[in-house]
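Fold and geometry: a report
Residues per chain, in single letters:
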Amino acid sequence: MNISITPTETAGVSRRLQITVPADTVASYEDQAARKYATQVRLPGFRPGKAPPSMVRKRFPEAVRQEAIELVINDAFREAIDREGFKLAAQPHIHDLKSEPGQPLEFELHCEVRPELALEKVDGFTITRRDTTVTEELIDEQIERLREQKADWSPVEEKPAPGDMVTVILSTEETDGILPEGKEYRIVLGGGQAIPGIEELIMETAPGASSEKSVRWPEDFPDESQRGATKLVRVQLKDVKRKALPALDDAFAREIGDFDTVQVLRDAVRTDMGEHSKREADADVRGQLIEQIVTANPFDVPKAWVMQLVDGYMQMYGVPENQKQTFTQEFMPMAERQVRRDLIVDTLAERESLTASAADVDARVEELAKARNADPGQVYAQLQKAGRLTEVERELTEDRVFGWLLEKNPVTAA
C-alpha cells in the first residue's frame with residue numbers, strides 16, 4: 001500500500017506513527033467501497049445489487065466515503081505495523097484523523113509493543129528466607145481463634161463492656177441541628193466498628209435505656225469533612241450479649257473435626273500452620289527474586305496488559321463501575337508487579353528451555369489423582385473440562401523457573 005510513515009514517539013513500549021495516505025490511493029478505495037456498496041443497495045430501475053457504482057457514489061456519497069475511510073485506515077495501520085516490525089501488545093488506537101475529500105488521509109497511530117527482555121543479570125542476588133517455625137504460642141493463638149468461632153452469645157442485663165455484642169438504635173445530629181429517626185446497628189464493642197466516643201456512650205447506657213451526649217469525631221475519620229466535628233448522638237440500647245468460650249477439652253476437639261483429643265487437634269493445627277508458613281516463605285523468596293531481577297534489569301510493561309488485570313480484579317471482587325477509578329489507583333501497582341513477574345517467568349522459561357512439557361503435566365495429574373485416590377484419566381478429564389490444565393502447566397513451569405533461579409542465588413536464613 002502506498003503510504004508515508006513517520007515515527008513521532010518511541011518511549012518504552014509506546015510507539016506513535018504519523019501515517020499519510022495519498023489522495024489517489026484514497027480515491028481508489030472509494031471506488032472499491034462504491035462497488036461493495038452497490039451490491040448491497042437497491043435503486044429504482046435496477047435489479048437488486050446491479051446499480052452502477054458511479055450512480056451509487058452520487059446517491060450515497062457519505063456512506064461510500066465512510067466505508068472507504070474505514071478500509072483505508074484498516075489497511076494502512078496493518079501496513080505500518082508490518083513495515084515497522086511491531087509485535088503489538090494490544091489493539092492500536094487512531095488519533096487526529098484528517099480525511100477531507102480530495103485530500104490525503106492522515107492520522108496518528110498510538111500503540112504498545114510487546115517488551116523484549118534481555119535479563120542480562122539473573123544471579124548474585126541476596127535472598128533471605130524467613131523462619132517458618134511454628135511455636136506453641138502460635139498454636140495457642142490459633143486454638144483460641146477456633147474457640148472464638150464456636151463461642152455462644154448470651155443476653156446479660158447490665159451495661160455493656162468491651163467485647164460485648166450490642167444492638168443499638170443510633171441517631172446523629174444533622175447539619176440543621178435536628179436529630180433524625182435512628183437506625184439499628186449490631187456492634188461488637190472494641191472492634192473498631194464505631195468511633196470511640198459512640199462506644200463510650202453505649203457503655204454508659206443500660207439495656208432498654210437511652211442516652212445522649214455530644215461526641216467528637218476523630219481527626220483521622222475517613223470522611224474528611226467530618227474530622228474533628230462535634231455532634232449530638234442519641235443511643236437506645238436494645239440488648240447486650242456476652243461471649244462465652246467453650247471449654248478446651250476433648251469434646252471441643254471432636255466438635256471442631258475428626259480429632260479425638262485436644263492433643264490430636266494441636267498436632268493437626270501445627271501441621272497446617274507449618275505448611276501455610278512454608279508456602280508463605282516460598283512466595284516471599286520468589287517475590288525477592290523478582291524484585292531484584294526487575295531492579296537489575298529495568299523494563300517497561302504495556303499499560304494495556306496492566307489494565308486487563310485490573311479489570312479482572314474488578315470482576316473477581318464485584319467492584320461497581322462507579323468505583324473503578326479508586327479501585328484502579330489501589331490495584332494498579334499489584335497488577336503491574338504481576339505483569340512483570342509473568343514476563344520474567346515467560347522469558348526465562350523460553351530462553352532456558354524450562355517450559356513444562358505434556359509429559360510433565362501428565363505426571364502432575366497422576367500425583368493429584370493418587371492424592372485423591374482417583375483415576376488419573378478422570379482427573380485429567382475434569383481438569384480439562386474446567387479449563388485448568390493450563391494452570392497446571394503454568395504452575396510446573398514457574399516451579400522449574402524458580403528452581404533454576406535458586407540454583408544461581410543461594411538462600412540464607414533470616
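Each chain has its residues counted from 1, following the order in which its sequence is written. Totals for whole chains, interfaces and linings use every residue, but because this is a predicted model, local features are given only for residues with pLDDT of at least 70 and side-chain atom pairs only at 80 or more, for both listing and counting. Based on all heavy atoms of the structure, the side-chain values leave hydrogens and waters out of the count.

1. Remarks on the overall build of the chain
Starting at the N terminus, helices and strands are each numbered in turn, a helix being any DSSP run of H or I of at least four residues and a strand any DSSP run of E of at least two. Across its full length, the chain holds twelve helices and eleven strands. Taking 2.2 N^0.38 as the reference for a compact globule, 414 residues should give roughly 22 Å; the C-alpha atoms of the chain span a radius of gyration of 34 Å, well beyond that estimate. Counting only C-alpha atoms and orienting by the principal axes, one finds that the chain spans roughly 95 × 70 × 45 Å. Residue burial is assigned from relative accessible area. The probe radius is 1.4 Å, only protein chains are included, and a residue is buried under 20% of its type maximum, exposed over 50%, and partly exposed in between. Across the 414 residues in the chain, those meeting the buried criterion constitute 34%. In what follows, residue pairs with any heavy atoms lying within 4.5 Å of each other are defined as contacts. Long-range pairs, those at least 24 residues apart, make up 64% of the contacts in the chain between residues at least 6 apart in sequence. Taken as a whole, the chain presents about 25,000 Å² of accessible surface, with 47% of it coming from carbon and sulfur. Here Asp and Glu are counted as negative and Lys and Arg as positive; His is not counted, and neither are the chain ends. Charge coordinates come from a single atom per side chain, which is NZ of Lys, CZ of Arg, CG of Asp or CD of Glu. Side chains of the chain carry 54 positive and 76 negative charges; the gap between the two charge centres is 6 Å. As defined in this context, the radius of gyration uses C-alpha atoms, and a globule is described by 2.2 Å times the residue total to the power 0.38. Here the Shrake-Rupley method, with its probe set to 1.4 Å, supplies the accessible areas, and only the displayed protein chains count as covering residues.

2. Concerning the packing of aromatic side chains
Stacked, tilted and edge-to-face pairs are distinguished by plane angle, under 30 degrees for stacked and over 60 for edge-to-face with tilted covering the rest, among Phe, Tyr and Trp rings (Trp via its six-membered ring) whose centres lie within 6.5 Å. A full pass over the atoms with the stated rule returns four aromatic pairs. Ring centres of Y317 and F331 lie 5.8 Å apart, and the angle between their planes is 45 degrees; this geometry places the pair in the tilted category. Taken together, the residues Y317 in helix α8 (residues 303–317) and F331 in helix α9 (residues 324–351) connect sequence positions 14 residues apart. Among the aromatic residues, ring-to-ring pairing joins Y313, Y317, F327 and F331 into one connected group. The ring of W217 carries the charged tip of K231 above its face, separated from the ring centre by 4.7 Å. Whether a charge lies above a ring is judged from NZ of Lys or CZ of Arg, which has to be within 6 Å of the ring centre and within 35 degrees of the ring normal.

3. Brief notes about unusual backbone geometry
Even without being a glycine, L119 presents a positive backbone phi close to 45 degrees. Relative to the assigned elements, L119 resides in the loop between β4 (105–112) and β5 (127–129). Relative accessible area serves as the criterion here: at 3%, L119 is assigned to the buried category. The backbone of N373 sits at a positive phi, close to 55 degrees, despite the residue not being glycine. The residue N373 is located in the loop between α10 (358–372) and α11 (376–385) in this model.

4. Considering the UniProt feature "domain: Trigger factor C-terminal" (unreviewed entry) in the chain
UniProt positions are given in the numbering used here, feature names are shortened, and annotations may be inferred rather than shown by experiment. Under the UniProt annotation, "domain: Trigger factor C-terminal" (unreviewed entry) lies at residues 261–407. In residues 261–407, the share of helix is 83% and the share of strand is 0%. The end C-alpha atoms are 43 Å apart.

5. Comments concerning the packing of α8 against α9
Taken N-terminus to C-terminus, the directions of α8 and α9 make an angle of 120 degrees; their axes are 7 Å apart at the nearest point. As summarised for this structure, α8 and α9 are arranged oblique, according to the angle between their axes. Crossing of α8 over α9 shows right-handed handedness. Between α8 and α9, the contacting residues are W305, V306, M307, L309, V310, D311, Y313, M314 and Y317 on the first element and K324, F327, T328, F331, M332, M334, A335, E336, Q338, V339 and L343 on the second. For this classification, the nonpolar set comprises Ala, Val, Leu, Ile, Met, Phe, Trp, Tyr, Cys and Pro, the charged set comprises Asp, Glu, Lys and Arg, and every other residue, Gly included, is treated as polar. When grouped by side-chain class, the residues that make up the contact of α8 with α9 number 15 nonpolar, two polar and three charged. Note on definitions: angles span 0 to 180 degrees between N-to-C directions of axes, and those axes are lines fitted to C-alpha atoms, for helices only across the stretch in contact. Should an angle fall under 35 degrees it is taken as roughly parallel, and over 145 as roughly antiparallel, whereas 65 to 115 is taken as roughly perpendicular and any remaining angle as oblique. Crossing handedness follows the turn of the near helix against the far one: under a right angle anticlockwise gives a left-handed crossing, and clockwise gives a right-handed one.

6. Quick notes on the nonpolar core
Ranked by internal contacts, the top residues of the largest apolar core, which has 33 residues, are L119, F327, L343, I344, L348, V401 and L405. If you list the elements that add at least two residues to this core, you get α7 (262–296), α8, α9 and α12 (389–408). If we ignore the near neighbours within four places in the chain, the residues touching L348 are L119, V122, S353, L354, V401, W404 and L405. Only buried residues count toward a nonpolar core. Its members are Ala, Val, Leu, Ile, Met, Phe, Trp, Tyr and Cys residues joined through side-chain atoms within 4.5 Å.

7. Quick word on the domain arrangement of the chain
Domains are outlined according to an automatic or database domain assignment. Once the domains are mapped, the chain shows domain 1 (4–112), domain 2 (152–244) and domain 3 (252–413). A straight line from the C-alpha centre of domain 1 to that of domain 3 covers 45 Å. Taken together, the five residues of domain 1 in the interface contact six residues of domain 3. The term buried area means the drop in 1.4 Å probe accessible area that two parts suffer when joined, counted for both and summed. Roughly 430 Å² is buried in total at the junction of domain 1 and domain 3, and carbon and sulfur atoms are behind 63% of that figure. Three residues stand out in domain 1 for area buried against domain 3, namely V13, A89 and E112, and they jointly supply 78% of the buried area on that side. For this analysis, a salt bridge means a side-chain nitrogen from Lys or Arg found within 4 Å of a carboxyl oxygen belonging to Asp or Glu. On the surface where domain 1 and domain 3 come into contact, there are zero salt bridges. The definition of a polar contact used here is a pair of N or O atoms within 3.5 Å, where within protein one atom must be able to donate a hydrogen and the other to accept one, and adjacent residues in sequence count solely through side-chain atom pairs. Summed over the shared surface of domain 1 and domain 3, the number is three residue pairs in polar contact (both at pLDDT 80 or more). Its residues assigned to classes, the side of domain 1 that touches domain 3 comprises three nonpolar, one polar and one charged.

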